[in-house]
Amino acid sequence: MTTHTTRMLILGSGPAGLSAAIYGARAGMEPIVVQGIQPGGQLTTTTDVENYPGFREVIQGPWLMQEMQAQAEHVGTRMMWDTIVEVDLTRRPFRLIGDSGEIYVGDVLVIATGAQAKWLGLDSEEALKGKGVSACATCDGFFYRGKKVAVIGGGNTAVEEALYLTNHSPDVTLIHRRDSFRAEKILQQRLFANERIKVLWNKEVETFVDGGGIAGLVALELRDTVTGELSRLDVEGGFVAIGHHPATELFRGHLELDADHYIKVETGTTRTSVPGVFACGDVMDKVYRQAVTAAGTGCMAALDAERFLAEADFEKVAEAAE
Ligand SMILES: Cc1cc2nc3c(=O)[nH]c(=O)nc-3n(C[C@H](O)[C@H](O)[C@H](O)COP(=O)(O)OP(=O)(O)OC[C@H]3O[C@@H](n4cnc5c(N)ncnc54)[C@H](O)[C@@H]3O)c2cc1C
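In this report, we go over the structure that sits alongside the text. Quantities reported herein were computed from a predicted structural model and do not represent experimental measurements.

## Some remarks on the site of the ligand
- The environment of the ligand is formed by 31 residues, the closest being Gln35, Gln38, Gln42, Asp282 and Ala291.
- One of the backbone nitrogen or oxygen atoms of Ile37 is found 3.3 Å away from an oxygen atom of the ligand.
- In this structure, an oxygen atom belonging to the ligand sits 3.5 Å away from a main-chain N or O atom of Thr113.
- Protein coverage of the free-state accessible area of the ligand, which is 1000 Å², stands at 91%.
- Where the shell around the ligand is concerned, the elements lending two or more residues are α1 (15-26) and α7 (291-321).
- A breakdown of the residues in the shell around the ligand according to their chemical character gives 13 nonpolar, 16 polar and two charged.

Dropping the structure here:
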């Protein structure tokens, strides 16, 4: 069993983890990135990305992540093909165990394990992901300019996504399987005051209807949750907005998490409840959830980690001198 030792251990190879790696490597921390089961993170599951700064043309998500990884490696990051299955955060250096049985030891730990959108779990949804079905209005709303779209859900995210989509679409339908929303009242007031949004109560999606060929999504087949009656709603975009799962199971009982299981960080920093452990990207951010914000907090985590190590090293030297 091999033990890999580093100043800076990073979990996750999405925009947050790789940005932390670029900054960490350039600060001389020789980071190791453990990639997890989704090397490159969520952006590898999409095609067109039009909102990452620096590119005038539409770029492809997987290409962007390959470039980020190449940059991280170029400045001295070691990439490991493994997934962490066990953590010990009770003492530094932190010791983590990979699925492969390999051991990873880091003076500081940066957690960038991301989050995954919750889906309805329908075969037709899976088949049309990226072809009309999305879980991110901020990411994909722009591609549906002037088109009829629907949002599925009843919480804050669904209402916010519906409101956001009215910037692009004159005809947004919000579909909810109950007869009232869980969303905050203030958001509901804005929703009901918006003439571009209609609400369909007591309806759930039975099928995302495929138009065949390059058409992608053309309609939703809906089932009334009270009467069981079926109906059809013609739309070109369907946004599933029923929440996200942050990848934090591994840290339960080891780090403070919020009520929705996101890692808690000190406001304005990436510091977690354990000194020397930093969190960045979607695993600590349930508000923005964008590649650029994940990259931004990844940079913050590396800078926070570098300062932490500098202080810890200084204290060690001072103690030794006493
Ligand atoms: C379909 C889709 C389209 C999108 N389009 C856009 C867009 O156009 N523009 C935009 O800005 N944003 C977009 N987003 C959102 C964007 O992808 C995320 O905000 C961003 O990827 C978050 O980055 P992250 O690094 O925090 O986490 P993620 O990208 O989720 O990466 C998490 C990483 O952690 C790793 N990991 C998880 N558990 C472990 C473990 N136990 N051990 C080791 N590693 C682990 C995973 O393998 C993965 O590499 C889109 C998202 C989706 C799903």
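## Looking at the sheet that holds strand β16 (residues 230-234)
- Reading across the sheet, the three strands line up as β14-β15-β16 and stay open at both edges, with antiparallel pairing between neighbours. Every interior strand has two partners, whereas the edge strands, β14 (203-210) and β16, have only one. Geometrically, the sheet is characterised by an average inter-axis angle of 30 degrees between neighbouring strands, direction not taken into account.
- As judged from the five bridges shared by strand β15 (residues 217-224) and β16, these two strands associate in the antiparallel manner. Within the sheet, the bridge partner assigned to Leu222 lies in β16 and is Ser231.

## With respect to the sheet that holds strand β11 (residues 148-152)
- The five strands are arranged β10-β17-β11-β12-β13 in an open sheet whose pairing can be described as parallel. The open sheet terminates on both sides in strands that have one partner only, identified here as β10 (133-134) and β13 (197-200).
- Of the pairings in the sheet, the one linking β11 to strand β17 (residues 237-240) comprises four bridges and is parallel in character. Bridge pairing links Ala150 to Gly238 in β17.
- Of the strands in this sheet, β11, β12 (171-175), β13 and β17 touch helix α5 (residues 156-165), which is tilted by about 165 degrees from β11.

## Thoughts on the packing of aromatic side chains
- A full pass over the atoms with the stated rule returns six aromatic pairs.
- Ring centres 5.6 Å apart and planes at 80 degrees place the aromatic pair Phe55 and Trp63 in the edge-to-face group.
- Accessibility expressed as a relative area gives 35% for Trp63, which makes it partly exposed.
- Seen in terms of ring centroids, Phe278 and Phe308 are 6.0 Å apart; in terms of plane orientation they differ by 75 degrees. Their pairing is edge-to-face. Residue Phe278 is located in strand β19 (residues 277-279), and its partner Phe308 is located in helix α7; the two are separated by 30 residues in the primary sequence. For the residue pair Phe278 and Phe308, the accessibility class agrees, reading buried in each case.
- Connected via pairs of aromatic rings, a cluster forms that spans Phe181, Phe192 and Trp201.
- A cation over an aromatic ring shows up here: Arg145 above the ring of Phe142, its NZ or CZ 3.9 Å from the ring centre.

Criteria and cut-off values
Residues numbered from 1 in each chain as written. Predicted model: local features only at pLDDT ≥ 70, side-chain atom pairs only at ≥ 80, totals over all residues. Heavy atoms only, no water. Near = heavy atom within 4 Å. Polar contact = N/O pair within 3.5 Å; in protein donor to acceptor, adjacent residues only side chain to side chain. Areas by Shrake-Rupley, 256 points an atom, 1.4 Å probe, with all protein chains shown as cover. Helix = DSSP H or I, 4+ residues; strand = E, 2+ residues; numbered from the N terminus. Nonpolar A, V, L, I, M, F, W, Y, C, P; charged D, E, K, R; others polar. Pairing = 2+ DSSP bridges. Axes fitted to C-alpha atoms, helices over the stretch in contact; angles between N-to-C directions. Contact = heavy atoms within 4.5 Å. Phe/Tyr/Trp six-rings, centres within 6.5 Å; stacked < 30°, edge-to-face > 60°. Buried < 20%, exposed > 50% of the residue type's maximum accessible area, 1.4 Å probe, protein only. Lys NZ or Arg CZ within 6 Å of the ring centre and 35° of its normal.

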